[in-house]
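Notes for the structure review
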Amino acid sequence: MTQSVVVQVGQCGNQIGCCFWDLALREHAAVNQKGIYDEAISSFFRNVDTRVVGDGGSISKGKICSLKARAVLIDMEEGVVNEILQGPLRDVFDSKQLITDISGSGNNWAVGHKVFGSLYQEQILEKLRKSAEHCDCLQCFFIIHSMGGGTGSGLGTFLLKVLEDEFPEVYRFVTSIYPSGEDDVITSPYNSILAMKELNEHADCVLPIDNQSLFDIISKIDLVVNSGKLGTAVKPKSLVTSSAGAFKKQQEKPFDAMNNIVANLLLNLTSSARFEGSLNMDLNEISMNLVPFPQLHYLVSSLTPLYTLADVNIPPRRLDQMFSDAFSKDHQLIQADPKHSLYLACALMVRGNVQISDLRRNIERLKPSLQFVSWNQEGWKTSLCSVPPVGHSHSLLALANNTCVKPTFLELRERFMRLYKKKAHLHHYLQIEGMEESCFTEAVSSLSALIQEYSQLDATKSMPMEDLPRLSVAV
Amino acid sequence: MSIVTVQLGQCGNQIGFEVFDALFSDSHCPQGLCSKRENEAYQASCKERFFSEEENGVPIARAVLVDMEPKVINQTLSKAAQSGRWKYGQCSCFCQKQGSGNNWAYGYSVHGPRHEESIMNLIQKEVEKCDSLSGFFIIMSMAGGTGSGLGAFITRNLQDQYSNSLKMNHIIWPYGTGEVIVQNYNSILTLSHLYRSSDALLVHENDALHKICAKLMNIKQISFRDINQVLAHQLGSVFQPTYSEEGSSHYRRNPLGDLMENLVPHPEFKMLGVRNIPQMSEHSLAYSTFTWAGLLKHLRQMLISNAKMEEGIDWQVRPPLSGAPTLGKMSVNKNLHFNTSLANLVILRGKEVHSADLGGFKDPALYTSWLEPDNAFNMWKTQRAFNRYEKSAALVSNSQFLVKPLDMIVGKAWNMFASKAYIHQYTKFGIEEEDFLDSFTLLEQVVASYRNL
């Protein structure tokens, strides 16, 4: 079994990361009743004997002593990380696996990337190497960050190049929070576009997510839960937004519910690699199946169900509803409508008591309403994991490589151009050593090229399907 | 003689377990419908083929388990051990930490050479446990990365190292739609490589097995376990001990050799399929009786019309009139979707087996013109019943049945290849566009050859 390391960068990255570790512990606690340190847990946690001073404390088998997250926490301000280290999860993090500064990046990609990048390069390398050494077989780095700020965006993407150079064989999965339309950071378009270029070039797979979609999902859930339509029916633990029953007690912060959705996404993404099932799907299979061309590696994700009703026996109709919902635009984690755009590839990762016939029935049912690119008409990748998420009897994570990401990128470019044409706030960036106007123009070109690729694919949507002439052989 | 089974990847290991379980259950089944002595001889023969003995009496499957990640093998080992009736050898597995990522190139070019020595050593140890070796049975899927890529690599190694032993690859043909997106690439690479290094390819299609589960077994929520159990039943009906037709007094000793001899007369034609009749849930079995005439009539029509099971058979399809000129025969065949055979083997098990009349299978119209029916058709009859079916018939066939599925896979792979999608994932590990082209060429050849039977 392989291990993964989570690198959480910036305020957003660390807050989400914190939710992730919380839920991961809860999930493993529910599955692993005997407290034995097994391979599933080892994918994200080390087992450490805390009585041993220094680094020698790792225990590979036997009872769980003290679990340490395979994580590196990076922030150029101290506030968020300090809060984590003083909170209920403080024992889960290795205090040596942090990099912090005091001044912050001022919502400036260039500060994050160029200034802090060069300042902390050695330290970053050291912490990453250390975390890799603790792994038997390191398969993947999960980077969590936001695109609109300075640290997550700048330093987070600086990291990608470091990872690519230092660990070329290890996958780089990036969970990126894209700025919504009403983002309050004025320079977020600059930061995002500069970051996009790095994502284009150095990430294996990107899961774009935006706050607006997360917020809409939460509103939807609140509506259902509070409307009383379902009566007493919703199981509290089953809310995809909840951390009920987890270590953190207070749930009052506004972003908690939204972060939990992202945390659940990451857990479900890795479930089939950690737990057993009749059709396993490892992390390297995600990239293999969903990335037909290296630059087209942006995957739109959706999670269903968002909550579970209290009745335990789920009739097949409700199971089928779960599949239908995964394709509706209300369940996507970015503002996108995959159903009305072109699919390049689609992955369905199912957890719980769902069998191959349920999966096939739903694929057959939904296929006619979806458009797939001509060379991948049956572009489905599926997996069945027997272990459901906590509080649910089954769940589905859909990952789509779909041209519906294009509008997000187009809008981003537009917001960028509005600022850039007026040279607004540009001096904050250009005064940083290593930054020139060409950085901006190159970044926009990179994005435009990507948008162009999606447009070209979209153009093939309405073309008739032709079978190409085959090789003819003499008999 | 013994068969050494190599189980590769998740699919191979999950299936392998069900196969050994089915073989064991059947051989220890009390309702053999034959004398005690007969039953004991059957058990002993089955044991010799598939199990070796341990001191405390629990039989050990003659198998090597290979996977590039540990979850499935761990499960398989514990399932077998839990049953208490048979188990896998403690040192018979080879496992790594990270899978092949559905990448044929990774399985073939990275895992293969890296682990060649360890895996071949394991196989060697298993071979040494056999008094005499009939050959290798390699269970693998085509759609993934380990079974397909590593499987192709290992098969080639077996050909080099054990050139005198036979190899039969048991291949799982994936569902038409989506288990794995790159399944068509992986499939054509696997098939083309195996065609060069294997002696026979025994194919099971997931779609067909799924239909059997739905229509014949009446299972509502079909799991892979259900599918694998149907498959295991079919394999068991072929591989369990049989007498030769001449009514000799002991069971055949060389299962693989006998199969190949009868079914693979020409190296250009290696694709074999299995059909089984009857197939039903245990519940229904209790209420059913059969006649040989009825079973064989259905089985014959299943062969001719390329049906996968005894329900929904197209009875309109008829063999062409014998005596028609060859040209006319070919066009008539095409019109009626008639499935021409190269060679057939019918295995009958159960009550009154000697009264069964197989004349219908000896009709020359069923076969291609360049083999005499006497050479093309064989039958094995055994009185001992299989898996509690009072009468059961299995048909192993080398026929045109895979032309359409193969053609489809080649077509889809070709379309994808033309757009160059996913190719970078393969070239990363040393499989170049030329390798793809070679595979396409070989398989087009196979399709054409079978079409022209």
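Residues numbered from 1 in each chain as written. Chains lettered and ligands numbered in written order. Predicted model: local features only at pLDDT ≥ 70, side-chain atom pairs only at ≥ 80, totals over all residues. Heavy atoms only, no water.

1. A few points about the sheet that holds strand β5 (residues 98-100) of chain A
In any sheet, the strands associate via hydrogen bonds between backbone groups, in a parallel or an antiparallel arrangement. All names here are of chain A. Under the convention used in this document: One requirement defines pairing of two strands: DSSP has to find at least two bridges between them. Counting from the N terminus, the helices are the DSSP runs of H or I reaching at least four residues and the strands are the DSSP runs of E reaching at least two. Axis lines are fitted to C-alpha atoms, over the contacting stretch for helices. Their N-to-C directions set the angle, which ranges from 0 to 180 degrees.
The strand order across the open sheet formed by 6 strands is β5-β4-β1-β6-β7-β8, and the pairing between neighbours is parallel. Each edge of the open sheet is held by one strand with a lone partner, namely β5 and β8 (205-210). Recorded for the sheet is a direction-independent mean angle of 15° between the axes of neighbouring strands. Examined bridge by bridge, strand β1 (residues 3-9) and strand β4 (residues 71-75) share 4 bridges and lie parallel to one another. The partner of Val6 across the bridge, within β4, is Ala71.

2. Overview of the sheet that holds strand β8 (residues 200-205) of chain B
Residue and element names in this part refer to chain B. How we decide: Should any heavy atoms of two residues lie within 4.5 Å, those residues are considered in contact.
In space, the 10 strands of this open sheet follow the order β5-β4-β1-β6-β7-β8-β9-β12-β10-β11, with mixed pairing throughout. Looking at strand neighbours, the two that pair on one side only are β5 (93-95) and β11 (377-382), the edges of this open sheet. Pairs of neighbouring strands in the sheet enclose a mean axial angle of 20°, with direction left out of account. Note: strand β10 (residues 341-350) against strand β12 (residues 391-399), 9 bridges, orientation antiparallel. If you follow Val346 over to β12, its bridge partner there is Leu395. Contacts from helix α9 (residues 255-263) reach β1 (2-8), β6 (133-141), β7 (166-173), β8, β9 (271-277), β10, β11 and β12, with the element oriented near 75° to β7.

3. Details of the interface of chain A and chain B
One frequent convention defines the size of an interface as the accessible area lost when the parts assemble. Quick reminder of the rule: Once two parts are brought into contact, the accessible area they lose, counted with a 1.4 Å probe and summed over both, makes up the buried area. What makes a salt bridge here is a side-chain nitrogen of Lys or Arg within 4 Å of a carboxyl oxygen of Asp or Glu, nothing more. Between N or O atoms, a polar contact is any pair within 3.5 Å; within protein, one atom must be a potential hydrogen donor and the other a potential acceptor, and residues adjacent in sequence are included only when both atoms are from side chains.
Contacts between the two partners involve 55 residues from chain A, matched on the other side by 53 residues from chain B. Both sides together, the interface formed by chain A and chain B hides about 4500 Å², and carbon and sulfur atoms give 52% of it. The interface formed by chain A and chain B holds 5 salt bridges in total. The partner of Arg360(A) in a salt bridge is Asp207(B), with the nearest N and O atoms 4.0 Å apart. On inspection of chain A and its partner chain B, the count reaches 33 residue pairs in polar contact (both at pLDDT 80 or more). Elements represented by at least two residues in the side of chain A that touches chain B include exactly α8 (254-274), α9 (283-290), β10 (342-352), α11 (356-366) and β12 (380-385) of chain A.

4. Some words on the domain arrangement of chain B
Rules: Residue ranges for the domains originate in an automatic or database domain assignment.
Along its sequence, chain B is organised into domain 1 (2-273), domain 2 (277-321 + 339-400) and domain 3 (404-452). With centres defined by C-alpha atoms, the gap from domain 2 of chain B to domain 3 of chain B works out at 34 Å.

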